[in-house]
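Spelled out from the first residue to the last, the chains are:
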Amino acid sequence: LAKTTQPISMDSYEGQEVNITCSHNNIATNDYITWYQQFPSQGPRFIIQGYKTKVTNEVASLFIPADRKSSTLSLPRVSLSDTAVYYCLVADDKLIFGTGTRLQVFP
Amino acid sequence: DAGVIQSPRHEVTEMGQEVTLRCKPISGHNSLFWYRQTMMRGLELLIYFNNNVPIDDSGMPEDRFSAKMPNASFSTLKIQPSEPRDSAVYFCASSGQALYGYTFGSGTRLTVV
């Protein structure tokens, strides 16, 4: 399984765009890149998944360069409710969670 | 769809007692996963099933832990005997296709005193 590296924490203010970058240098050909969000006292929630290039949904965008050794989760115009832990995962059959990035959004 | 349903939401038990956690996956999902979350160790994958068959139980801490999935709509995680270090939040998740959006339950907060 590919190991991921992401910042432990990030701070932002309401209305700003937040970009969280994840490194996965040993990603395998069959691996997908998946991001999850977890609020306190809740289970993780799927945000977005991609294989290469760019993926966008109603919540976020995911940018993946051609070499796939990193990915960036982009959250447009964050609000206080986006304060959570964000996990970057790469795998082809089961999800192994790392420590995640704790995002704190301030007013 | 009611989502993944776990019971109980909270469980407090004494050391040495047997604990059974329950999970009802989303109908139609063929993969089921048990995770444990603590502050020290984060989210750990304990075991996962595919079509009711255990595929990988390498994350199960020790023989005190066991998991079963007798049918597609029900799974249990049992700890016998329980120890204080088993205190954690246990999550169950299910998925219809590998990786394409696991759905997690609300978790069971287990406290062993």
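Residues numbered from 1 in each chain as written. Chains lettered and ligands numbered in written order. Predicted model: local features only at pLDDT ≥ 70, side-chain atom pairs only at ≥ 80, totals over all residues. Heavy atoms only, no water.

A.B. asks: Give me the sheet that holds strand S6 (residues 61–64) of chain A: which residues, what numbers.
C.D. replies: Residues and elements named next belong to chain A. Overall, antiparallel pairing links the 4 strands, which are arranged S2-S7-S6-S5 in an open sheet. Lying at the two open borders of the sheet, with one neighbouring strand each, are strand S2 (18–23) and strand S5 (53–56). Taking each pair of neighbouring strands and ignoring which way they run, the sheet shows an average axis angle of 15°. Direction of pairing for S6 relative to strand S7 (residues 70–75): antiparallel, over a ladder of 3 bridges. From the neighbouring strand, Phe 63 faces S7, where its bridge partner is Thr 72. (Pairing = 2+ DSSP bridges. Helix = DSSP H or I, 4+ residues; strand = E, 2+ residues; numbered from the N terminus. Axes fitted to C-alpha atoms, helices over the stretch in contact; angles between N-to-C directions.)

A.B. asks: Go over the state of the cysteines with me, naming the residues and quoting the values.
C.D. replies: Taken as a whole, this structure holds 2 disulfides over all chains when the rule is applied. Put simply, Cys 22 of chain A and Cys 88 of chain A are joined by a disulfide, and their sulfur atoms are 2.2 Å apart. Residues Cys 22 of chain A and Cys 88 of chain A are joined through a disulfide that is left-handed, its torsion about the S-S bond being -80°. With Cys 22 of chain A in strand S2 and Cys 88 of chain A in strand S8 (residues 84–91), this pair connects stretches of sequence that are 66 residues apart. In this structure, Cys 22 of chain A and Cys 88 of chain A share a single accessibility class: buried. Between Cys 23 of chain B and Cys 92 of chain B runs a disulfide, and the two sulfur atoms are separated by 1.9 Å. Between Cys 23 of chain B and Cys 92 of chain B the sulfur-sulfur dihedral comes to about -65°; the bridge is accordingly left-handed. With Cys 23 of chain B in strand S3 (residues 19–24) and Cys 92 of chain B in strand S9 (residues 88–95), this residue pair connects regions lying 69 residues apart in the sequence. The same class applies to Cys 23 of chain B as to Cys 92 of chain B, namely buried. (Disulfide = S-S within 2.5 Å. Buried < 20%, exposed > 50% of the residue type's maximum accessible area, 1.4 Å probe, protein only.)

A.B. asks: So what's going on with the packing of aromatic side chains? Which residues, and what values?
C.D. replies: Overall, the coordinates contain 14 aromatic pairs over all chains when judged by the stated rule. Here Phe 33 of chain B and Tyr 102 of chain B contribute two aromatic rings whose centre-to-centre distance is 4.2 Å and whose plane-to-plane angle is 25°, an arrangement assigned as stacked. Linking Phe 33 of chain B in strand S4 (residues 31–38) with Tyr 102 of chain B in the loop between S9 and strand S10 (103–104), this pair joins segments that are 69 residues apart in sequence. By relative accessible area, Phe 33 of chain B is classed as buried at 1%. Consider the rings of Tyr 102 of chain B and Phe 104 of chain B, whose centres lie 6.4 Å apart with planes at 35°: the pair is tilted. On the basis of relative accessibility, which here comes to 3%, the residue Tyr 102 of chain B falls in the buried class. Ring pairing ties together the aromatic residues Tyr 36, Phe 46, Tyr 87 and Phe 97 of chain A together with Phe 33, Tyr 35, Tyr 48, Phe 91, Tyr 102 and Phe 104 of chain B, which thus form one cluster. Over the aromatic face of Tyr 51 of chain A sits the side chain of Arg 68 of chain A, whose NZ or CZ is 3.9 Å from the ring centroid. (Phe/Tyr/Trp six-rings, centres within 6.5 Å; stacked < 30°, edge-to-face > 60°. Lys NZ or Arg CZ within 6 Å of the ring centre and 35° of its normal.)

A.B. asks: How would you explain the sheet that holds strand S8 (residues 74–79) of chain B if you had to name every residue and give the values?
C.D. replies: All names here are of chain B. The strand order across the open sheet built from 4 strands is S1-S3-S8-S7, with neighbouring strands paired in antiparallel fashion. Edge positions in the sheet fall to strand S1 (5–7) and strand S7 (65–71), since each has one partner strand and no second. Neighbouring strand axes in the sheet, compared pairwise and without regard to direction, differ in orientation by 15° on average. For S1 and S3, the ladder comprises 3 bridges, and the chain directions are antiparallel. Opposite Gln 6, over in S3, you have Cys 23 as the bridge partner.

A.B. asks: Can you tell me about the pattern of salt bridges, naming the residues and giving the values?
C.D. replies: All names here are of chain B. Tallied over the entire structure, the rule returns 8 salt bridges over all chains. Among the ionic pairs, Arg 36 bridges to Glu 44, the shortest N-O distance being 3.2 Å. Of the two residues, Arg 36 and Glu 44, both sit in the buried class. The partner of Arg 41 in a salt bridge is Glu 44, and the shortest N-O contact between them spans 2.8 Å. In the salt-bridge network here, residues are joined through shared partners; they are Glu 62, Arg 64, Glu 83, Arg 85 and Asp 86. (Salt bridge = Lys/Arg side-chain N within 4 Å of Asp/Glu carboxyl O.)

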